[in-house]
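Now for the letters of each chain:
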Amino acid sequence: RSLQFEPPYDSVGGKFDLRIVSDAVTNAATNTLINNISGGNEVTIWVGKTDATKTKLFLGMVEVVEMLEPNKDFIDLRLSGPDWGSAILKNRIVFGEWRQKFQADGVTLDSTDTAVLISQIVTDLLTKTAYYPAADITAENQGVIVTAANITPINIALAQFTANFEKLDDKIADLDKVGLSIHHVNPEKNFIMKQANITNPTGILLVDDTTDSIAVG
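Okay, so let's go over this structure. Treat the numbers as computed from the prediction; the structure is a model and nothing was measured. (Residues numbered from 1 in each chain as written. Predicted model: local features only at pLDDT ≥ 70, side-chain atom pairs only at ≥ 80, totals over all residues. Heavy atoms only, no water.)

What about helix α3 (residues 118-127)?
Our working rule: To sort residues, take the accessible area from a 1.4 Å probe on protein chains only and compare it with the maximum for the residue type: under 20% means buried, over 50% means exposed, and anything in between is partly exposed. Under the scheme used here, helices are H or I runs from DSSP no shorter than 4 residues and strands are E runs no shorter than 2 residues, and both carry numbers assigned from the N terminus. Note on contacts: a residue pair is in contact if any heavy atoms of the two residues lie within 4.5 Å.
With respect to burial, α3 is a largely interior element, seven of its 10 residues being buried. What α3 keeps buried is the set Ile118, Ser119, Ile121, Val122, Asp124, Leu125 and Leu126. In this structure, the buried residues of α3 make contact with α2 (84-89), β7 (93-99), β8 (151-152), β9 (160-167), α4 (168-179) and β11 (191-195).

Right under this line is the structure:
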């Protein structure tokens, strides 16, 4: 019946609000829908002129399920929640400390120490159980796909970086400030961290005439 959504950008989470009815518009058919929907379910939103040319724009996680019944013969089902990536990054706690090694003189920092590069610290936070209080499930274990090619901040070494039982998303945002980067999780569940001045066009064309193939000048 209606759909509103905002994809995530930088460290700002996205959200969606979806209202649906059954195809038969009966309580019995709506109950079938309700029996197949639970909190934590994924919601995928595509946009396109045809099914063959659609583009995936958003991946959400159901957080709230509401059943609105304006009369006894009609149930309006409302689903809402955050984008899938933010639901994970903004709700995990991490802790740990990274210190750059010294050279043999014990005074000069070792510029070859790759363990304290921004990209490595981010990868550690997303993939290593040692940085989670329960030492069990990481963001990667929850489904976030971590690939080195998608983590491209201005990659400098940090002499010291700490996380003191803080939100995972907040600590990555701290690293963004140093690496002049932005981050989010895309609809394919890939973690993206890139320099803020680098854009990748989506290739999506929005038009008011479904027969148009190009935008009007």
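So, next bit.
Some remarks on the pattern of salt bridges
The line we're drawing: Criterion for a salt bridge: a side-chain nitrogen of Lys or Arg within 4 Å of a carboxyl oxygen of Asp or Glu.
According to the stated counting rule, one finds 13 salt bridges in the structure shown. Taking the shortest distance from any N to any O, the salt bridge between Arg1 and Asp76 comes out at 2.6 Å. Of this pair, Arg1 sits in the segment before β1 (2-6) while Asp76 sits in strand β6 (residues 74-82), placing them 75 residues apart in sequence. The exposure class of Arg1 is exposed, given its relative accessible area of 60%. By relative accessible area, Asp76 is classed as buried at 2%. Across the pair Asp17 and Arg78 runs a salt bridge whose closest N-O atoms are separated by 2.4 Å. Highlighted residues: Asp17 in strand β2 (residues 15-20) and Arg78 in strand β6, separated in sequence by 61 residues. The exposure class of Asp17 is buried, given its relative accessible area of 17%.

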